[in-house]
Every structure is written in C-alpha cells, then in structure tokens.
Amino acid sequence: MIDPVSSPIGASALQGMQNAEAQFQKAAGRIAQLPAAVDPGAVGDTVDLSAEIVAMLSARDNFMANVEVAKSGDSMQRALLSLVG
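Residues numbered from 1 in each chain as written. Predicted model: local features only at pLDDT ≥ 70, side-chain atom pairs only at ≥ 80, totals over all residues. Heavy atoms only, no water.

What to know about the overall build of the chain
Then step 1. Scanning the chain from terminus to terminus reveals 3 helices and 0 strands.
Then step 2. Ordering the α and β elements of the chain from the N terminus gives α-α-α.
Then step 3. Burial status across the chain gives 22% buried among its 85 residues.
Then step 4. Considering only intrachain contacts with a sequence separation of at least 6, the fraction spanning at least 24 residues in the chain is 69%. (Helix = DSSP H or I, 4+ residues; strand = E, 2+ residues; numbered from the N terminus. Buried < 20%, exposed > 50% of the residue type's maximum accessible area, 1.4 Å probe, protein only. Contact = heavy atoms within 4.5 Å.)

Okay, structure coming up:
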C-alpha cells in the first residue's frame with residue numbers, strides 16, 4: 001500500500017484538509033455560541049448566520065477539493081510505480 005502522506009502532493013492535500021476542517025470548526029463554533037452571544041435587550045443577532053453558513057460550505061468545498069488532490073496524487077504515484085516496477 002502506498003502512503004499518500006509521504007509524497008509532497010499527499011502532504012499538501014492533508015494540510016489543506018486540516019485547514020478546511022479548522023475553518024469549518026471555527027464557523028460552527030460561532031454558530032453554536034449564538035444563544036449565549038445574544039443580549040436579551042439587543043435587537044437582532046450578533047452572529048451573521050448567512051456568512052457562517054457560507055464559510056462552512058466553503059470549508060466543505062475546500063476539503064473535498066483536497067480529497068480529490070490526494071486521490072489524483074495517489075493515482076499518479078501508483079502509475080509511476082507500475083512503470084518503474
């Protein structure tokens with residue numbers, strides 16, 4: 001089995017997935033804090049839900065793009081190894 005993280009492409013994809021996960025968790029955390037962040041006397045939300053949802057969708061798309069990069073890198077590495085070996 002080929003270790004996808006040992007290649008520069010795999011390592012880059014893994015770092016991208018970790019960054020996307022952190023972005024997703026940050027947006028989800030801001031949404032989760034909404035009830036505590038709202039002042040009973042204040043009018044409106046202190047969290048822009050549409051912006052947070054967009055951030056979560058962006059993080060999801062970034063994560064999936066990095067998954068595809070990892071798959072492509074694995075495919076390229078397998079093709080190279082089949083040519084060499």
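As for the packing of helix α1 (residues 8-32) against helix α3 (residues 49-84)
Working note: a packed helix pair is described by the angle between its axes plus the distance between those axes.
Then step 1. It is at 8 Å that the axes of α1 and α3 come closest, and there the two elements cross at 165 degrees. One finds that α1 runs roughly antiparallel with respect to α3. Note that α1 runs across α3; the crossing there is left-handed.
Then step 2. Grouping the amino acids of the contact of α1 with α3 by side-chain chemistry returns 18 nonpolar, 7 polar and 2 charged. (Axes fitted to C-alpha atoms, helices over the stretch in contact; angles between N-to-C directions. Parallel < 35°, antiparallel > 145°, perpendicular 65-115°, else oblique. Left-handed = near helix turned anticlockwise from the far one by under 90°. Nonpolar A, V, L, I, M, F, W, Y, C, P; charged D, E, K, R; others polar.)

Considerations on the side chain of Asn66
Then step 1. Among the structural elements, Asn66 can be located in helix α3.
Then step 2. In this structure, Asn66 is in contact with Ser12, Ala13, Gly16 and Met17, ignoring residues within four places of it in sequence.

Focus on the pattern of salt bridges
Then step 1. For the coordinates displayed, the defined rule picks out 4 salt bridges.
Then step 2. Put simply, Arg30 and Glu52 hold a salt bridge, and the shortest N to O gap is 2.7 Å. Of this pair, Arg30 sits in helix α1 while Glu52 is found in helix α3, placing the two residues 22 residues apart along the sequence.
Then step 3. In this structure Arg30 comes out as partly exposed when scored by relative accessible area, which is 29%.
Then step 4. Among the salt bridges present, the one from Glu68 reaches Lys71, with a minimum N-O distance of 3.6 Å. Note that Glu68 and Lys71 are positioned in helix α3 at a spacing of 3 residues, about one turn of the helix. (Salt bridge = Lys/Arg side-chain N within 4 Å of Asp/Glu carboxyl O.)

Just distances and angles here, no functional claims.
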